[in-house]
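Tertiary structure, described
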Amino acid sequence: MAPSAAISRAGIVMLIALAIPIGLYALGFQFLGIGNPEFQARFARLPLAAAAHVVGGGIALLIGGFQFVARFRVAAPHWHRWLGRIYLLLVLAGGLGGAILAFQATGGLVARVGFFLLAVLWLWSGTAAYRAIRRRDVVTHRKWMMRNYALTFAAVTLRMELGLIGALGYEFEVAYPVVAWLAWVPNLVLVEWWLLARRPAP
Ligand code: HEM
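From a predicted model like this one, the values you see are computed outputs, not experimental measurements. The numbering scheme is per chain: residues are counted from 1 as the chain's sequence reads. Only residues with pLDDT of 70 or above have their local features reported here, since the model is predicted, and side-chain atom pairs are shown and tallied only from 80 upward, although totals for entire chains, interfaces and linings are computed over all residues. Hydrogens and water molecules were not included; the side-chain quantities draw on all heavy atoms of the structure.

Re the nonpolar core
As a rule of thumb, nonpolar side chains are buried together in soluble globular proteins. In this description, a nonpolar core means a group of buried Ala, Val, Leu, Ile, Met, Phe, Trp, Tyr and Cys residues linked to one another through side-chain atoms lying within 4.5 Å. Residue burial is assigned from relative accessible area. The probe radius is 1.4 Å, only protein chains are included, and a residue is buried under 20% of its type maximum, exposed over 50%, and partly exposed in between. Counting 46 residues, the largest nonpolar core has Phe43, Leu61, Tyr87, Phe115 and Tyr149 as its most contacted members. Sorting elements by how many residues they give to this core places helix α5 (residues 77-102) first, with seven residues. Sequence-distant contacts of Tyr149, that is, excluding residues within four places in its chain, are made with Leu15, Ala19, Ala60, Leu61, Gly64, Gly65, Phe68 and Tyr87. Only DSSP runs of H or I with at least four residues qualify as helices, and only runs of E with at least two residues qualify as strands; both kinds are numbered from the N terminus onward. Residue contacts follow a heavy-atom distance rule, with two residues in contact if any of their heavy atoms lie within 4.5 Å.

So this is what it looks like as structure tokens:
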């Protein structure tokens with residue numbers, strides 16, 4: 001196996017391994033009432049948007065990583081298509097819910113704008129990925145799906161960063177507006193860098 005293929009494979013395994021606990025946490029948050037009671041109380045004021053967001057985002061996070069496994073795509077293209085459609089519907093639900101929740105998010109205007117923009121880009125990149133595959137443009141579809149999953153993955157990076165910033169001694173109120181941006185902007189930058197680095201020389 002070429003070194004770059006081995007790195008890609010290790011990266012996908014790592015993404016899936018990190019996504020699973022946070023995806024399961026989201027389902028526990030919705031169906032078992034675990035997590036921060038203040039979030040639970042705030043979400044109870046917008047139950048439909050909250051359920052769409054948490055369940056849509058949680059399952060999208062759980063299944064999305066598997067869509068990048070080349071062996072799975074080649075062996076079961078039919079499954080890839082169906083999982084892809086389900087994933088995009090979950091992103092639609094999660095994104096619309098997230099956009100609504102953004103208006104009442106903790107952390108003031110900075111956090112609210114960060115989350116709202118994240119929701120808009122999440123919906124936009126999903127739509128672009130879908131439109132590309134409808135016109136059979138696989139290369140463009142793959143690029144948009146990478147961008148889209150990088151945004152789905154914000155749920156993971158946000159919680160890792162909150163933990164890290166908390167461990168450095170900063171209060172939640174200080175950390176939260178920062179991670180509302182830091183959870184997704186570097187993910188997108190990383191994907192763009194990866195796409196540029198792998199672009200064939202002219
Ligand atoms: C990528 C687009 C996403 C956007 C725009 C977004 C937006 C938001 C917003 C605005 C809140 C409320 C924050 C507050 O009230 O302070 C929230 C909370 C939450 N989100 Fe997301 N989110 C996204 C992705 C995800 C994903 C993929 C999951 C699944 C794991 C998820 C699961 C949750 C959960 C469980 C909460 C409750 C708070 C907590 O326990 O941390 N979100 N999200």
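The rest of the description comes next.
Brief notes about the coordination of the iron atom of the ligand
Donor atoms from the protein around the iron atom of the ligand number only one, His53 (NE2), found at 2.1 Å. With respect to the helices, strands and loops of the structure, His53 is situated in helix α3 (residues 47-64). A 2.8 Å cut-off from the metal defines N, O and S donors, relaxed to 3.2 Å for Na, K and Ca; water is not in the atom list, so some sites may appear incomplete.

Comments concerning unusual backbone geometry
The phi dihedral of Arg136 falls on the positive side, at around 65°, and the residue is not glycine. You can see Arg136 is positioned in the loop between α6 (108-134) and α7 (138-152).

Here we look at the packing of aromatic side chains
Each aromatic pair joins two rings of Phe, Tyr and Trp (for Trp, the six-membered one) with centres within 6.5 Å, and gets the label stacked for planes under 30 degrees apart, edge-to-face for over 60, and tilted for any other angle. Applying the stated criterion to the full structure yields 13 aromatic pairs. Ring centres of Phe103 and Phe116 lie 5.5 Å apart, and the angle between their planes is 65°; on these two criteria the pair is classed as edge-to-face. Taken together, the residues Phe103 in the loop between α5 and α6 and Phe116 in helix α6 connect sequence positions 13 residues apart. Here Phe116 falls in the partly exposed class, since its relative accessible area comes to 34%. Among the aromatic residues, ring-to-ring pairing joins Tyr25, Phe29, Phe39, Phe43, Phe115, Phe172 and Tyr176 into one connected group. Ring-over charges, as used throughout, are those where CZ of Arg or NZ of Lys falls within 6 Å of the ring centre and within 35 degrees of the ring normal. Taking the ring centre of Phe39 as reference, the NZ or CZ of Arg42 above it sits at 4.8 Å.

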